[in-house]
Amino acid sequence: MNTAIRTQGLRKVYNTAPPAAAGRGDASAADKRGRNSKSQPKPEIKALDGIDLEVAPGQIFGLLGPNGAGKSTTVGILTTRVRPTSGTAWIGEYDVWHDQTAAKRQIGVVAQRPNLDFALTAREILLFHGAYFGIGSQERSERANALLDRFKLTDRADQLVRGFSGGMMQRMSIARAMMHDPQVLFLDEPSVGLDPQTRLLLWEIIREYNQKGRTILLTTHNMEEADTLCEQLAIIDHGRIIAQGTPGELKASIPGGYLLRLRFGHHSAPLLERLGTLAGVTEVRAFGESGADLYAGRGGSLIPEVVNAAAALGVELSDVHISEPSLENLFLHHTGRSLRE
Amino acid sequence: MNWKTFLALLARDAHVARRNLVALLLQTFLQPLLFVFIFGRVMVGSGYLPAAYKSLLLPGIMAISMVFTGIWAVAMPLIAEFQFTREIEDRLLAPIDIAWVAIEKVVAGLIQGLVAGLTVIPLAWIILGRGLELHLTRPWLFLCITLLVAGFSACGGLALGCSVDQQHIGLMFSMVMTPMIFFGCTYYPWSALNKFPIMQKLVLINPLVYASEGLRATLAPQFEHLSLPWILVALTLFDVLLLVVGLRQFQRKAVS
């Protein structure tokens, strides 16, 4: 298995309102067919417009984008829940649409909104889920106990999940998705609505699961999550991938993405001018009595030159703070709008 | 076909049914047994209806119980599970073709319909008391018709459950179920409509007519009834038609 997840030219056009969890899509791209003046042309919503993805086995891959960008639709297609209008998707060697049952054996899915079986208790949800995947009864109960414990749900294990809080339901959904130990785990906005503590627990569990050699695809619009968790990222907007790479690569692709906040003994116009001529520096802004903000294409490697330039003018560098280019800036750079819009 | 998964899905439905047993029993038997008591016992006992009416009523009551139970058992959970909480999602993601998830629902509904139908006979018998004339001369035919009736009820439940939204459940009952019962030849034989020829033809689109007439033909053949081959053909057609429509609606609901 060379790739865990692969898609080729994936397109999805909804001609009815897409399900809420599948995002809003790009309504502005509605097709104006109107062949027959009598029949109202159905409003077509282009949710995906040619998505090519390749995720290596054992990777944590992030799909980053604003609401309605097409993240959930991509996950929906990859998990057999959405029929692609055109294009193909594979989980391992299985074509997701034509070999659904085999593909479903490979995947675990955590939907954007908890979709637990409300007629069952937490433990029963795990046990029946295991049974659907043909796991023997003893192994089933061992795994269920271990997961309930890991997700700190043991004390509520025998209660109906109907009364669970949002965070507990979310933890329960993730536990269920891991119950049959799938090769590929899909997490659609897994940390939305979780408190910071639970979010950390979730990240820890995701990493742990990944260390067993499992592939994880998660969607998020949370920069921090994408940055700390994902090895590879694809930024998606209006149903297209607009950038792809490691978080570091992506951030390095923004010109002048680093911010160096410098403090000197004192500063002068010649110093600021001199700093502006250093290779890679795009902008210099003085702040306060003795500070300067340097926007540059590189970070740490610039420090010796800054020190030298200051020393040449008899000024001492007293403090440096380097902030890496953020994905937020990257998104802004590629789309001209903020992720949170 | 993955039997392990299929049986696990059935086990889940059985487990949920066991958990809701009391509600399920009340829902299945209360109304038909009240009907049996009022019409079969009170009305007959006070002389407003002839004694033979008891035997005519029982097959109809059995048909209502089965059809109601089958439709209810499949449609109600489906409507709930397909709404925005998408509770059914974990079963759609089980390693089995999603058509089998729908078929499992039909099998679960069919079993409940059968149990309802076969339990209502002895219960009604007890309530109706003496004077009940049932002649089970062709038990295999009776079983065959019972199966077909339970089948179309469950398939009908699938078709309805995948076509009706939660906010329209009330409408479904007043627009579909109520006319179906009253025009279903349940409280009267089809031949009683001889004086209403147009209505007599129109009610033939109602599958409950064949259920009542079929059960009447095999349990109380002394009453005039539709011909058995015709009943068998019609019930089989309704089974197939509702299953095909139900599966199509299910696929539409399940995959966007």
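This structure is a prediction, so every number in the text was calculated from the model and none was measured.

Enquirer: An account of the overall build of chain A is requested, with residue identities and associated values reported.
Expert: Looking only at helices and strands, chain A has 11 helices and 14 strands in total. The proportion of buried residues among the 341 residues of chain A is 45%. Considering only contacts within chain A whose residues lie at least 6 apart along the sequence, 72% involve residues at least 24 apart.

Enquirer: I'd like a rundown of the nonpolar core, residues and numbers included.
Expert: Among the nonpolar cores identified, the biggest contains 148 residues, and Ala175 and Phe186 of chain A together with Val149 of chain B are the most heavily contacted of them. Looking at this core element by element, the count peaks at 17 residues for helix H3 (residues 53-81) of chain B. Ranked by size, the runner-up nonpolar core spans 14 residues in total, among them Leu262, Phe264, Leu271 and Val284 of chain A.

Enquirer: Quick one: what's the story with the environment of Phe264 of chain A, residue by residue and with numbers?
Expert: Its place among the elements puts Phe264 of chain A in strand S11 (residues 258-264). As for Phe264 of chain A and Asp319 of chain A, which are separated by 55 residues in sequence, their C-alpha atoms are 7.0 Å apart.

Enquirer: Quick rundown of the pairing of strand S1 (residues 5-14) of chain A? Include the residues and the values.
Expert: Bridging between S1 of chain A and strand S4 (residues 86-91) of chain A involves five bridges; their strand directions are antiparallel. Residue pairing for S4 of chain A: Thr7 of chain A is matched across the bridge by Ala89 of chain A.

Enquirer: Quick one: what's the story with the packing of H3 of chain B against helix H9 (residues 207-219) of chain B, residue by residue and with numbers?
Expert: All names here are of chain B. Remark: H3 packs on H9, axes separated minimally by 8 Å, with the N-to-C direction vectors making an angle of 135 degrees. Considering the angle they form, H3 stands oblique to H9. For the pair H3 and H9, the sense of crossing is right-handed. Contacts between H3 and H9 pair Leu58, Pro59, Gly60, Met62, Ala63, Met66 and Val67 from the former with Leu208, Ala211, Ser212, Leu215, Arg216 and Leu219 from the latter.

Enquirer: Explain helix H5 (residues 98-128) of chain B residue by residue, including any values.
Expert: Residues and elements named next belong to chain B. Over its 31 residues, H5 runs 45 Å from end to end, which matches the ideal 45 Å to within 8%, given 1.5 Å per residue. In the structure, H5 departs most strongly from a straight axis at Val120, where the bend amounts to approximately 25 degrees and where the proline Pro122 lies between one and four residues downstream. At the C-terminal side of H5, Gly129 shows a positive phi close to 70 degrees.

Enquirer: A description of the sheet that holds strand S9 (residues 232-237) of chain A should follow, citing residues and the corresponding values.
Expert: Residue and element names in this part refer to chain A. The six strands are arranged S6-S7-S8-S3-S9-S10 in an open sheet whose pairing can be described as mixed. Looking along the sheet, the strands with just one partner apiece sit at the ends: strand S6 (107-110) and strand S10 (240-245). Between one strand axis and the next, the sheet turns through 15 degrees on average, direction left out of account. Bridge count for strand S7 (residues 184-188) against strand S8 (residues 215-220) is five bridges, and the pairing is parallel. Looking at the pairing, Phe186 lines up with Leu217 of S8. The sheet contacts of helix H5 (residues 166-178) involve S6 and S7, and relative to S6 the element is tilted by about 175 degrees.

Enquirer: Give a description of the interface of chain A and chain B that names residues and reports values.
Expert: Between chain A and chain B, the contact holds 27 residues from the first and 23 residues from the second. When grouped by side-chain class, the residues that make up the side of chain A that touches chain B number 14 nonpolar, seven polar and six charged.

Enquirer: A description of unusual backbone geometry should follow, citing residues and the corresponding values.
Expert: Residues and elements named next belong to chain A. One non-glycine residue, Glu189, lies in the positive phi region at around 50 degrees. Along the chain, Glu189 turns up in the loop between S7 and helix H6 (196-211). Residue classification places Glu189 among the buried positions, given that 23 C-beta atoms sit within 10 Å. The residue His238 is not glycine, and still its phi comes out positive at about 50 degrees. Checked against the element boundaries, His238 lands in the loop between S9 and S10.

Scoring rules and cut-offs
- Residues numbered from 1 in each chain as written.
- Chains lettered and ligands numbered in written order.
- Predicted model: local features only at pLDDT ≥ 70, side-chain atom pairs only at ≥ 80, totals over all residues.
- Helix = DSSP H or I, 4+ residues; strand = E, 2+ residues; numbered from the N terminus.
- Buried ≥ 20, exposed ≤ 12 C-beta atoms within 10 Å, placed from the backbone.
- Contact = placed C-beta atoms within 7 Å.
- Core = buried A, V, L, I, M, F, W, Y, C linked by C-beta atoms within 7 Å.
- Pairing = 2+ DSSP bridges.
- Axes fitted to C-alpha atoms, helices over the stretch in contact; angles between N-to-C directions.
- Parallel < 35°, antiparallel > 145°, perpendicular 65-115°, else oblique.
- Left-handed = near helix turned anticlockwise from the far one by under 90°.
- Expected span 1.5 Å × (residues − 1).
- Bend = angle between axes of the 7 residues up to and from the residue.
- Nonpolar A, V, L, I, M, F, W, Y, C, P; charged D, E, K, R; others polar.

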